[in-house]
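Results of the structural survey
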Amino acid sequence: MNVLLLGSGGREHALAWKLSQSPILSKLFIAPGNPGTATLGENVDVNPVDFAAIKQLVITKSIEMVVVGPEDPLVKGVHDFFLADDDLKHIPVIGPTRAGAMLEGSKDFSKGFMMRHGIPTAQYKSFCSSQKDDAMLFLKTLKPPYVLKADGLAAGKGVVISSDLIEAEDTLNQMFGGEFGDAGNTVVIEEFLQGIEVSVFVLTDGDGYVILPEAKDYKRIGEGDTGPNTGGMGAVSPVPFANAEFMAKVDERIVKPTIEGLKVEGIPYKGFIFVGLMNVSGDPFVIEYNARMGDPETQVVMPRLKTDLLELLVLTSQGKLSEAEVEFNSQSATAVILVSGGYPGDYSKGKIVSGEFAIDNGLAFHAGTKYVGDKLVTSGGRVMACVGIANSTSSALEVSYSLASKIDFENKYFRRDIGKDLV
Ligand code: AMP
Ligand code: GLY
């Protein structure tokens, strides 16, 4: 079958890498893709939120399935667009409709959803901008650190945690004052959860589901988890504390009630659910849902999936996922992200990228790269993920770091402590 994958990051390169191994794939198209995906299929210069252009592409290339990588097209309703179009409605889209994508698109909705279905999460209250005085009063009743979340999508910058009340009040003023755009029209204020984070990935057809390998993401720019948040500086899978006992709790207390909750609320959901969890003394609490896979987590989850991904997605589209037999690789996978110096603040682009992009048991997934003529140059903050696969996390990390040392561009930066806390 012909498949169209939407997106252009490292997550999409990893998805394309896995999809391209499928015996049932005829041709893979990626819109817009990146230099990495171009080696696995045909990149097409179409914006994933330009639905009219996507329709054109799907028809001219006889696409038989659309896989959505990032959240933006989902929240903007790409799946709804297909369902409402007579020429497209028979083509399966992997990724929820707008209603399901609200799990990610609105923190207020997702917190309410968890409350309605008894899913463990931090206690909270949400306030709209006309309730600013109440929000300030509520803040004063809490103990620090204070967790403030702008309701809508804010490019990963919508969560502010401060240990100081004055600072938290300032943040609240900024959120209501429009500094987070429309995302801040409503603000969620919640209890701080103390623990270690882990990301759990679920593929569901709205009824059956499979839980994919878990991963740990390293969000801060600096070693020792310091400095500002980024899109993710590294990832490791498996995560030792997410053992069978912990994952059984995740399944019973979180995944099952989430799928059941979607059903009860009449929200059909065919796609990935990424559950960001906090392990609080052995008990999982949901920090957030995303309606897609994680980046850079996908870059370590896909290498650990033995089963054919496209076959799983076909079963998803047919509502037969409960029939799937899924096998995972017991090896470890690690990703170290190479970023442009200055990221997540200002950084320069257009730096020539050179070196080796694959070594024994290691490969680089492209993110912020592009070709200018025949030269590969940087085009974003996160440039590449150096992925290692080996029998232990420490050996996988050795491969990742060896690959990281073989790829060069001016002002290259990466964290040297990815996975150190786990080995
Ligand atoms: P989010 O965008 O919802 O993933 O939040 C960004 C980060 O803020 C998370 O990855 C956590 O590290 C942190 N965070 C969010 N909510 C809480 C909470 N209630 N308690 C502690 N940390 C949190
Ligand atoms: N790595 C976090 C995310 O994809 O949202």
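Structure first, text after, so check above.
In this text, all values refer to a predicted model and were calculated from it rather than measured experimentally. Per chain, residue numbering runs from 1 following the sequence as it is written. Chain letters and ligand numbers both follow the written order, the letters beginning at A and the numbers at 1. A pLDDT threshold of at least 70 governs which residues receive local features in this predicted model, and a stricter bar of 80 or more applies before side-chain atom pairs are shown or counted, although totals over entire chains, interfaces and linings include all residues. Note that water and hydrogens are dropped before the side-chain values are worked out from all heavy atoms of the structure.

What follows deals with the site of ligand 2. Near residues are defined by distance, with any heavy atom within 4 Å of the molecule or strand qualifying the residue. Residues in close proximity to ligand 2 include Asp217, Gly231, Phe274, Arg292, Gly294, Asp295, Pro296 and Glu297, which together make up its full environment. Gly231 places a polar main-chain atom, nitrogen or oxygen, 3.4 Å from a nitrogen atom of ligand 2. For the purposes of these results, a polar contact is taken to be a pair of N or O atoms within 3.5 Å, where, inside protein, one atom must be able to donate a hydrogen and its partner to accept one; residues adjacent in sequence count only when each atom of the pair is a side-chain atom. Between ligand 2 and Asp295, the relevant distance is 2.9 Å, taken from a nitrogen atom to a main-chain nitrogen or oxygen of the residue. Relative to its free-state accessible area of 200 Å², ligand 2 is covered by the protein chains to the extent of 87%. Amino acids outside the nonpolar list (Ala, Val, Leu, Ile, Met, Phe, Trp, Tyr, Cys, Pro) and the charged list (Asp, Glu, Lys, Arg) are all regarded as polar, and Gly is one of them. Residues belonging to the shell around ligand 2 are distributed by class as follows: two nonpolar, two polar and four charged. To be clear on the numbers: accessible area is Shrake-Rupley with a 1.4 Å probe, and residue cover counts the displayed protein chains and nothing else.

As a further point, take helix H8 (residues 165–176). For the purposes of this entry, the term helix denotes a DSSP run of H or I that reaches at least four residues, the term strand denotes a run of E that reaches at least two, and both are numbered from the N terminus. Expected helix span is computed as 1.5 Å times (number of residues minus one). Look at H8: 16 Å from first C-alpha to last across twelve residues, which is about the 16 Å you get at 1.5 Å a residue. Every buried residue of H8 is listed here: Ala168, Glu169, Thr171, Leu172, Met175 and Phe176. End-on, the buried residues of H8 take up no more than an arc of 160°, which puts them together on one face. If you follow the buried residues of H8, they end up packed against strand E6 (124–128), helix H7 (132–141), strand E7 (146–150), strand E8 (159–162) and strand E9 (186–190). Its side-chain oxygen at 3.2 Å from the backbone nitrogen of Ile166, Asp164 defines the N-terminal cap of H8. Among the residues trailing H8, Gly178 stands out with phi positive, at a value near 95°. Residue exposure (1.4 Å probe, protein chains only): buried if accessible area is under 20% of the type maximum, exposed if over 50%, otherwise partly exposed. It is the directions from the helix axis to the C-beta atoms that the arc portrays. Here a residue-residue contact requires only that any non-hydrogen atoms of the pair lie within 4.5 Å.

On to the site of ligand 1. For ligand 1, the set of nearby residues contains 15 residues, the closest of which are Glu190, Glu191, Leu193, Glu197 and Glu288. In this structure, a nitrogen atom belonging to ligand 1 sits 2.8 Å away from a main-chain N or O atom of Leu193. Glu197 places a side-chain nitrogen or oxygen 2.3 Å from an oxygen atom of ligand 1. About the coverage of ligand 1: the protein hides 89% of its 470 Å² of free accessible area. The set of elements that each furnish at least two residues to the shell around ligand 1 consists of E7, E8 and strand E17 (283–290). By residue class, the composition of the shell around ligand 1 is eight nonpolar, no polar and seven charged.

Our focus in this paragraph is the side chain of Thr121. When you line up the elements, Thr121 lands in the loop between helix H6 (107–116) and E6. Reaching out from Thr121, the side chain makes a polar contact with the side chain of Lys111 at a distance of 2.9 Å.

Right, let's talk about the packing of aromatic side chains for a bit. We call Phe, Tyr and Trp rings a pair once their centres come within 6.5 Å, taking the six-membered ring for Trp, and we label the pair stacked below 30 degrees between planes, edge-to-face above 60, and tilted otherwise. The final tally for this structure, using the stated rule, is ten aromatic pairs. Between the aromatic rings of Phe81 and Phe82, the centroid separation amounts to 6.3 Å while the plane-to-plane angle is 70°, which identifies the pairing as edge-to-face. Note on Phe82: relative accessible area 1%, which makes it buried. Relative to Tyr289, the ring of Phe113 has its centre 6.2 Å away and its plane inclined at 80°; by these criteria the two rings are edge-to-face. Separated by 176 residues along the polypeptide, Phe113 in helix H6 and Tyr289 in strand E17 bring together distant segments of the chain. Linked through ring pairs, Phe51, Phe81 and Phe82 together constitute an aromatic cluster.

A cis geometry characterises the amide bond from Pro144 onward to Pro145, with omega recorded as -10°. Mapped onto the elements of the fold, Pro145 is located in the loop between H7 and E7. Residue Pro238 follows Ser237 across a cis peptide bond; omega there is 0°. Summarising the element assignment, Pro238 is placed in the loop between strand E15 (234–237) and helix H9 (244–264).

On the surface, Val159, Ile161 and Phe192 cluster together to form a nonpolar patch covering roughly 230 Å² of accessible area. Positionally, Val159 belongs in strand E8. The patch calculation keeps residues exceeding 30% relative accessible area without a salt bridge and links them within 9 Å when they carry like charges or within 5 Å when they are nonpolar (Val, Leu, Ile, Met, Phe, Trp, Tyr). Salt bridges are counted wherever a side-chain nitrogen of Lys or Arg sits within 4 Å of a carboxyl oxygen of Asp or Glu.

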